[in-house]
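Geometric and topological summary
So the chains spell out like this:
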Amino acid sequence: MNFDALLFCDWMLDCHVQVLGFSDSLNGEVKPRILLMGLRRSGKSSIQKVVFHKMSPNETLFLESTNKICREDVSSSSFVSFQIWDFPGQIDFFDPTFDYEMIFRGTGALIFVIDSQDDYVEALSRLHLTVTRAYQVNPEINFEVFIHKVDGLSDDHKIEKQRDIHKRANDDLADAGLERIHLSFYLTSIYDHSIFEAFSKVVQKLIPQLPTLENLLNIFISNSGIEKAFLFDVVSKIYIATDSSPVDMQTYELCCDMIDVVIDISCIYGLTDSEAGLPYDKESMAIIHLNNTRVMYLKEVTKFLAMVCFVRKDSFERKGLIDYNFHCFKKAIQEVFDVRVKVQQNRKLLSQRRWSKLTVANGAGGWLSNPL
Ligand SMILES: Nc1nc2c(ncn2[C@@H]2O[C@H](COP(=O)(O)OP(=O)(O)OP(=O)(O)O)[C@@H](O)[C@H]2O)c(=O)[nH]1
């Protein structure tokens, strides 16, 4: 038992090197921007409300049309921290008041939402225009296309639509000589877990520590006899990392349901009258025995993160080993987080120094535009 655990600890030491390998600019804080774009009524605001505000899908029927850019900070945990910008349906790139260069420059991901229940010819030409403009300004953006509202379509129909949209969008780019632009496609709906899964993948691409987290999870599961493990952001139910074995939708849905059960039960029985806020803390944990010889095990990792794993019943008999390795895993996550904080502090310091040097060089009274 100790040998397994020691292997895990040894590996932990390696992870720092990877985290220190940040290659970003000198910005003090790395808070990527995610843009939600698409035609009117394609479902942008609904996606944001359902994923980040726990709005029930039926309530989105009453959402009013967005008529200006809505910006929101999502900083629920140390690793999940970004801004979401919800755009009104039609943006006029030729409108001089719309500074799209500034917007695209600081963008990590651009999600373009296409209503699959509607005619998508106009949406595709809008997608092309948006992507080419954004790429000119910032070639580093991840372009994500949500083929949305697929709840109304049969399975065959979904695949067919995805193939058609994929082909047309890429043909348009090829015609413009822009084959190097990569578009990722997802079939989504707010009426099932597909929207959470798609958002998870979008967010994961923006987490520089992802390979480290995945490696930690791989080491953790292989030394503990676990089949699959996810690291979840409890509030949004976005999984920010998982081990390298493939994810199947059913497993992901079960994890989301387990988080809901834990939070609901804790809300009812876990909070005293004087307490408020998220009923989730160091003591939070849950074990659910499934009827297929598997056990689901949830444990708190940080204030906002939970580990949910699937273990065979016979392996779960060695719960002591799992708990010990989990303890090491948790420590490693904390260390990764500490390194990240240190790197950010150093960047801030560096950019402040640069800023003050620039100010001195230009004289105290000189006006400068902020280099950040
Ligand atoms: N069937 C289905 N309807 C959806 C889905 N997502 C959103 N809708 C519906 O689509 C309609 C438009 O949604 P909004 O979120 O307001 O669309 P929007 O893109 O923000 O619209 P604008 O603010 O006008 O740009 C609402 O009636 C939603 O209930 C989905 O996944 N499936």
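Residues numbered from 1 in each chain as written. Predicted model: local features only at pLDDT ≥ 70, side-chain atom pairs only at ≥ 80, totals over all residues. Heavy atoms only, no water.

We count it as follows: UniProt positions are given in the numbering used here, feature names are shortened, and annotations may be inferred rather than shown by experiment.
As recorded in an unreviewed UniProt entry, the protein chain goes by Ras-related GTP-binding protein and comes from Cyclopterus lumpus. UniProt annotates the protein chain under Catalytic activity (unreviewed entry) with the comment "GTP + H2O = GDP + phosphate + H(+)". The heading Function (unreviewed entry) in the UniProt record of the protein chain holds the text "Guanine nucleotide-binding protein that plays a crucial role in the cellular response to amino acid availability through regulation of the mTORC1 signaling cascade."

**Describing the overall build of the protein chain**
The criterion, for reference: A run of DSSP states H or I qualifies as a helix once it reaches four residues; a run of E qualifies as a strand once it reaches two. Both are numbered from the N-terminal end. Remark: exposure states derive from per-residue accessible area (1.4 Å probe, protein chains only) relative to the maximum for the residue type, with buried under 20%, exposed over 50%, and partly exposed in between. We call two residues contacting when some pair of their heavy atoms lies within 4.5 Å. Per-residue and other accessible areas were derived by the Shrake-Rupley procedure at a 1.4 Å probe size, with only the shown protein chains allowed to occlude residues.
Within the protein chain, the regular secondary structure consists of 10 helices and 11 strands. A total of 372 residues make up the protein chain; the buried ones form 49% of that total. For the protein chain, restricting intrachain contacts to residue pairs at least 6 apart in sequence, the fraction spanning at least 24 positions comes to 69%. As displayed, the protein chain has an accessible area near 19000 Å², and 52% of this comes from carbon and sulfur atoms.

**A short note on the confidence of the model for the protein chain**
Here is the rule we go by: For every residue, the pLDDT score states the predictor's confidence, bounded by 0 at the bottom and 100 at the top.
Summarising the model, the protein chain shows a mean pLDDT of 82, and 84% of its residues fall at 70 or more. In the predicted structure, residues 1-28 sits below a pLDDT of 50 and forms 55 contacts with residues beyond four places in sequence or in another chain. In the predicted assembly, ipTM is 0.98 and pTM is 0.80.

**Considerations on the pairing of strand 8 (residues 238-242)**
The condition that has to hold: For two strands to be treated as a pair, DSSP must find no fewer than two bridges joining them.
With respect to burial, strand 8 is a largely interior element, five of its five residues being buried. Bridge count for strand 7 (residues 226-233) against strand 8 is four bridges, and the pairing is antiparallel. Note on strand 8: the bridge partner recorded for Phe230 is Thr242. Connecting the antiparallel pair strand 7 and strand 8 is a turn made up of four residues, with Lys237 showing a positive phi of about 60 degrees.

**A closer look at the packing of aromatic side chains**
Test applied: The rule is short: rings of Phe, Tyr and Trp, with Trp giving its six-membered ring, pair when the centres are within 6.5 Å, and they are stacked under 30 degrees, edge-to-face over 60, tilted in between. By definition here, charges over rings are those cases where NZ of Lys or CZ of Arg is within 6 Å of the ring centre and within 35 degrees of the ring normal.
Applying the stated criterion across every chain, the model contains 15 aromatic pairs. Where Phe52 meets Phe82, the ring centres are 5.9 Å apart and the plane angle is 75 degrees; that geometry is what we call edge-to-face. Note that Phe52 is positioned in helix 2 (residues 44-53) and Phe82 in strand 3 (residues 82-86), a separation of 30 residues in sequence. A centroid spacing of 5.3 Å and a plane angle of 80 degrees characterise the contact between Tyr297 and Phe316, whose relative ring orientation is edge-to-face. With Tyr297 in strand 10 (residues 294-300) and Phe316 in helix 9 (residues 313-316), the pair connects residues that are 19 residues apart, well separated along the chain. Residue classification places Phe316 among the buried residues on the basis of a relative accessible area of 9%. Put simply, the rings of Phe52, Phe82, Phe146, Tyr186 and Phe199 touch in pairs and so form one group of aromatic residues. Here the guanidinium or amino end of Lys237 rests over the ring plane of Phe196, the centre of that ring lying 5.2 Å away.

**Focus on the sheet that holds strand 2 (residues 70-74)**
Where strands meet in a sheet, backbone hydrogen bonds hold them as pairs that are either parallel or antiparallel. Note the following rule: Every angle, taken between N-to-C directions, lies between 0 and 180 degrees, and every axis is a line fitted to C-alpha atoms, over only the stretch in contact when it is a helix.
Pairing is mixed in the open sheet, where six strands are placed in the order 2-3-1-4-5-6. For this open sheet the edge positions go to strand 2 and strand 6 (183-187), each flanked by a neighbour on one side alone. For this sheet the average axis-to-axis angle between neighbouring strands, irrespective of direction, equals 20 degrees. Two strands pair when backbone bridges link them, and strand 2 and strand 3 are joined in this way by five bridges, in the antiparallel orientation. By the bridge assignment, Cys70 is partnered in strand 3 with Asp86. Taken strand by strand, helix 4 (residues 121-137) contacts strand 1 (33-38), strand 4 (107-115), strand 5 (142-148) and strand 6, and its axis lies near 170 degrees from that of strand 4. Running at roughly 175 degrees to strand 5, helix 6 (residues 194-204) makes contact with strand 1, strand 3, strand 4, strand 5 and strand 6 of the sheet.

**Comments concerning the nonpolar core**
Quick note on the threshold: Here, nonpolar core refers to any group of buried Ala, Val, Leu, Ile, Met, Phe, Trp, Tyr and Cys residues whose side-chain atoms link them within 4.5 Å.
Ile34, Phe146, Phe199, Leu231, Phe232, Met307 and Phe329 are the most contacted members of the largest nonpolar core, which totals 69 residues. Of all hydrophobic cores here, the second largest spans 33 residues; its members include Leu35, Met37, Phe143 and Ile147.

**A word on the pairing of strand 7**
A large share of strand 7 lies buried, amounting to seven of its eight residues. Summarising the sheet, strand 7 and strand 11 (residues 305-312) pair through seven bridges and their orientation is antiparallel. Considered in strand 11, the bridge of Lys228 is made with Phe310.

**Quick look at the pattern of salt bridges**
The criterion, for reference: What counts as a salt bridge is simple: a side-chain nitrogen of Lys or Arg found within 4 Å of a carboxyl oxygen of Asp or Glu.
According to the stated counting rule, one finds 14 salt bridges in the structure shown. Note that Arg105 and Glu101 form a salt bridge whose closest N and O atoms lie 3.5 Å from each other. Here Arg105 pairs with Glu101, and both are found in helix 3 (residues 100-105), just four residues apart, close to one helical turn. Owing to a relative accessible area of 53%, Arg105 belongs among the exposed residues under this scheme. Taking relative accessible area as the criterion, Glu101 reaches 38% and is therefore assigned partly exposed. Counted as one network, the salt bridges with shared partners bring together Lys299, Lys319 and Asp323.

**Re the sheet that holds strand 7**
Sheet architecture is open: five strands sit in the order 8-7-11-10-9, paired in antiparallel fashion. Of all the strands in the sheet, the pair left with one neighbour each is strand 8 and strand 9 (285-289). When the angles between neighbouring strand axes are averaged without regard to direction, this sheet yields 20 degrees. The strands touched by helix 7 (residues 210-224) are strand 7, strand 8 and strand 11; relative to strand 7, the strand with the most contacts, the crossing angle is about 145 degrees.

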